[in-house]
Amino acid sequence: MLKLRSPAKINLFLRVMGKRSDGYHDLASLFQAIDLADTLTFELSREDEFSCSVPNLSLDGSNLVIKALQLFRQKTELPFRVKIHLEKHIPMQAGMGGGSSNAATTLWALNALHNFPFSDYELQDWSSSLGSDVPFFFANGTAYCTGRGETVRPLAPLTLPENLSWFKPREGLSTPAVFKALDLSLCSKIDPEELLEAFYSQKFQFINDLQEPAFRLLPILRTYQQELLAKGWSDASMTGSGTAFFGTGGADQIVPLQRLPLAWY
Ligand code: C5P
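One structure accompanies this document, and this report is about it.

Cut-offs and rules
- Residues numbered from 1 in each chain as written.
- Predicted model: local features only at pLDDT ≥ 70, side-chain atom pairs only at ≥ 80, totals over all residues.
- Heavy atoms only, no water.
- Buried < 20%, exposed > 50% of the residue type's maximum accessible area, 1.4 Å probe, protein only.
- Helix = DSSP H or I, 4+ residues; strand = E, 2+ residues; numbered from the N terminus.
- Pairing = 2+ DSSP bridges.
- Disulfide = S-S within 2.5 Å.
- Axes fitted to C-alpha atoms, helices over the stretch in contact; angles between N-to-C directions.
- Left-handed = near helix turned anticlockwise from the far one by under 90°.
- Contact = heavy atoms within 4.5 Å.
- Nonpolar A, V, L, I, M, F, W, Y, C, P; charged D, E, K, R; others polar.

### Observations regarding the pairing of strand S2 (residues 25-44)
Consideration 1: Burial analysis of S2 places 16 of its 20 residues in the buried class, which makes it a mostly covered element.
Consideration 2: Relative to S2, strand S1 (residues 2-19) is paired through 16 bridges, and the arrangement is antiparallel. Bridge pairing in S2 links Ala8 to Ile34.
Consideration 3: The turn linking S1 back onto S2 is made up of five residues, and Gly23 within it adopts a positive phi angle of 95 degrees.
Consideration 4: Sheet analysis places S2 next to strand S5 (residues 142-147), joined by six bridges and oriented antiparallel. Across the sheet, residue Leu27 finds its bridge partner in S5, namely Gly147.
Consideration 5: Of the pairings in the sheet, the one linking S2 to strand S4 (residues 82-87) comprises six bridges and is antiparallel in character. Each residue of the ladder has a partner; that of Thr39, found in S4, is Glu87.

### Quick word on the state of the cysteines
Consideration 1: Taken as a whole and assessed by the stated rule, the structure comprises zero disulfides.
Consideration 2: For the unlinked cysteine Cys145, the closest cysteine sulfur is that of Cys187, found at 18 Å.
Consideration 3: For Cys145, a relative accessible area of 0% translates into the label buried.

### A short note on the pairing of S5
Consideration 1: For S5, the tally of buried residues reaches five of six residues, placing the bulk of the element in the interior.
Consideration 2: In the sheet, S5 pairs with strand S6 (residues 151-154) via four bridges, with the strands oriented antiparallel. Each residue of the ladder has a partner; that of Tyr144, found in S6, is Arg153.

### Side note on the packing of helix H1 (residues 64-76) against helix H3 (residues 120-127)
Relative placement of two packed helices is described by the angle separating their axes and the distance separating the axes.
Consideration 1: For the pair H1 and H3, the least separation of the axes is 11 Å and the interaxial angle reads 115 degrees. For H1 against H3, the interelement crossing comes out right-handed. Within the contact between the two elements, H1 uses Leu71, Phe72, Lys75 and Thr76 and H3 uses Leu123, Trp126 and Ser127.
Consideration 2: Here the contact of H1 with H3 is built from residues that sort into four nonpolar, two polar and one charged.

### A few points about the packing of H1 against helix H2 (residues 98-113)
Consideration 1: At a minimum axis distance of 8 Å, the contact between H1 and H2 shows a crossing angle of 35 degrees. H1 and H2 meet at a crossing whose hand is right-handed. Facing H1, whose interface residues are Leu64, Val65, Ala68, Leu69, Leu71 and Phe72, H2 presents Gly99, Ser100, Asn102, Ala103, Thr106, Leu107, Leu110 and Asn111.
Consideration 2: Grouping the amino acids of the contact of H1 with H2 by side-chain chemistry returns nine nonpolar, five polar and no charged.

Put into structure tokens, the structure is as follows:
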């Protein structure tokens with residue numbers, strides 16, 4: 001049996017650079033894996049079985065774990081049956097990459113159960129068809145992601161502000177809805193490469209171009225943000241397409257993770 005941690009991510013900044021002809025948006029984003037993680041267990045078995053610790057998650061082909069299993073079978077043509085259990089800790093509809101991370105972990109685990117016939121690089125390459133955020137989880141914990149998000153430039157570990165923490169409101173948002181509500185003319189104009197350099201000089205600007213459309217879809221998010229700042233958070237920025245915030249000052253501490261996928265053990 002293989003038991004792996006499947007970590008969450010935050011987007012330290014996220015710039016939307018433009019809309020593409022395929023309907024996606026070009027992004028430039030600094031991703032950081034964090035130690036908040038789901039747990040996935042895998043066991044070769046007589047039958048396929050998939051279970052999950054939370055009742056409100058679909059267990060069918062719409063689940064990214066199942067999509068990853070199907071992709072692995074299609075790419076490798078290996079005959080096997082597997083029992084998978086997912087213990088959820090990463091909030092859903094949060095912009096913390098829970099589903100994407102689960103998909104990456106599943107690909108890696110199935111390869112591990114077969115004694116690593118494929119490289120992490122191959123798995124990463126396949127994984128972009130599962131979702132734009134999935135390839136990041138094969139990087140080393142900190143990465144600059146461009147294109148749809150699937151072009152991953154691994155970076156050296158970052159020294160982040162102390163007391164970084166996260167908060168997830170009860171309300172959630174779906175990623176396509178947030179991109180649909182985006183008004184490109186309202187995006188920041190700042191050069192993402194400059195933002196990136198600044199992060200490595202300890203100058204943190206937590207810009208997220210998806211925050212404004214998320215607030216428009218769910219105006220209460222602005223109230224939550226103001227409440228966090230009033231509580232003493234020095235920053236409260238949304239991660240991904242929301243609705244989770246991160247910043248300095250809260251109780252649920254963020255510890256950055258390095259060396260994925262080794263950190264999964
Ligand atoms: O790639 P993923 O399946 O996670 O994307 C979900 C949806 O989010 C896409 O169908 C698209 O509407 C939107 N999206 C986008 N540009 C990106 C990533 C996602 O417009 N770079």
